[in-house]
Amino acid sequence: MNRTFQSLILVSCLALTQGCTALEKSNSFTLTADLPPEFTYEATAAYVPAKGETCTVPGGRNTKIGYNSDREKYKPDSEILLRRTVSGCPLVLHSVDFYVYGWYGKDRGDFGRDSAMIAIREELPEARKGTFNAAGQSEFAGQCQFLFRTVGGLRRIVKILDCKRMDESGVQPKAKPFVAYSLDQLPGKTVRLKIKLADDEQPYYGRSWLKLSSGWKPCIETKETIRCQSPPTFTDFRMPDGRICTIYPGCTENKEVTP
């Protein structure tokens, strides 16, 4: 095989590879996340018929793609397709819906979760569009806080995750993390979900815990009320790791667990 022919083959292979790469980038964007330790996200990309299409997908089957549904295989980067064809129907990306998980214990149910969302539209007013920097990156942010409570006869601590949208003006108390883009903004770009964890935790039922300088103490609940009485009567509780405590979160009044 002469050198000229070898060069032609090499050039053809390189062009084919670059063409495939360019095609992939033109029909997808990278979703990633900057999360606190022991946090993960699960995302679902939802698709609808493209503008002007009258077709439908029977039963709506295969119009959604899930990412990170298995925590053991979690990875922060997900490649999200912008256009797909299902049952002969051309579809476009309509939204990416999130569950943000905060894991706080070893048991399977030791997590709190809350939602976030990316909306994608074929047309969108400029004022509602998310923006990208010169490197093709965009981010939307939120702050999550753990809310603790006790459940069951053992009064075991469980935590609820409460996430709010955060922007230049601060945390928005009535909004979940959200951003919107037009479809033509996204090819080859990167969108990052950035979550900050609040420094302190709060009780889910604030009136049934009393705040002291050393932490929170739970009051005994009755059939009549869950509020702390005056004077308050306290009870102990069990931490997710099994410790029996009387103050949260420091557990400085720790008692030994009875085998």
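For the structure, check the block above.
In this text the structure is predicted, and so the values were computed from the model without any measurement.

1. Re the packing of aromatic side chains
Tallied over the full model, the rule gives 16 aromatic pairs. Seen in terms of ring centroids, Phe39 and Phe146 are 6.0 Å apart; in terms of plane orientation they differ by 55 degrees. Their pairing is tilted. Separated by 107 residues along the polypeptide, Phe39 in strand 2 (residues 39–49) and Phe146 in strand 8 (residues 137–151) bring together distant segments of the chain. Across the pair, Phe146 and Phe39 agree in class, each one buried. Ring centres of Phe148 and Tyr248 lie 4.3 Å apart, and the angle between their planes is 40 degrees; on these two criteria the pair is classed as tilted. Within this pair, whereas Phe148 is found in strand 8, its partner Tyr248 is found in the segment after strand 17 (244–245), the two being separated by 100 residues in sequence.

2. What about the state of the cysteines?
Within the structure shown, the criterion is met by four disulfides. One disulfide in the model links Cys55 with Cys89; its S-S distance is 2.0 Å. Because the torsion about its S-S bond is 70 degrees, the bridge between Cys55 and Cys89 counts as right-handed. One end of the pair, Cys55, is in the loop between strand 2 and strand 3 (64–67); the other, Cys89, is in strand 6 (residues 89–103), and 34 residues separate them in sequence.

3. Quick look at the environment of Ser95
Tracing the sequence through the fold places Ser95 in strand 6. When the C-alpha atoms of Ser95 and Thr44 are compared, they prove to be 8.1 Å apart, with 51 residues separating the residues in sequence. Excluding its chain neighbours within four sequence positions, the residues that come into contact with Ser95 are Thr44, Ala45, Ala46, Met117, Ile118 and Ile120.

Each value, and the rule that gives it
Residues numbered from 1 in each chain as written. Predicted model: local features only at pLDDT ≥ 70, side-chain atom pairs only at ≥ 80, totals over all residues. Heavy atoms only, no water. Phe/Tyr/Trp six-rings, centres within 6.5 Å; stacked < 30°, edge-to-face > 60°. Helix = DSSP H or I, 4+ residues; strand = E, 2+ residues; numbered from the N terminus. Buried < 20%, exposed > 50% of the residue type's maximum accessible area, 1.4 Å probe, protein only. Disulfide = S-S within 2.5 Å. Contact = heavy atoms within 4.5 Å.

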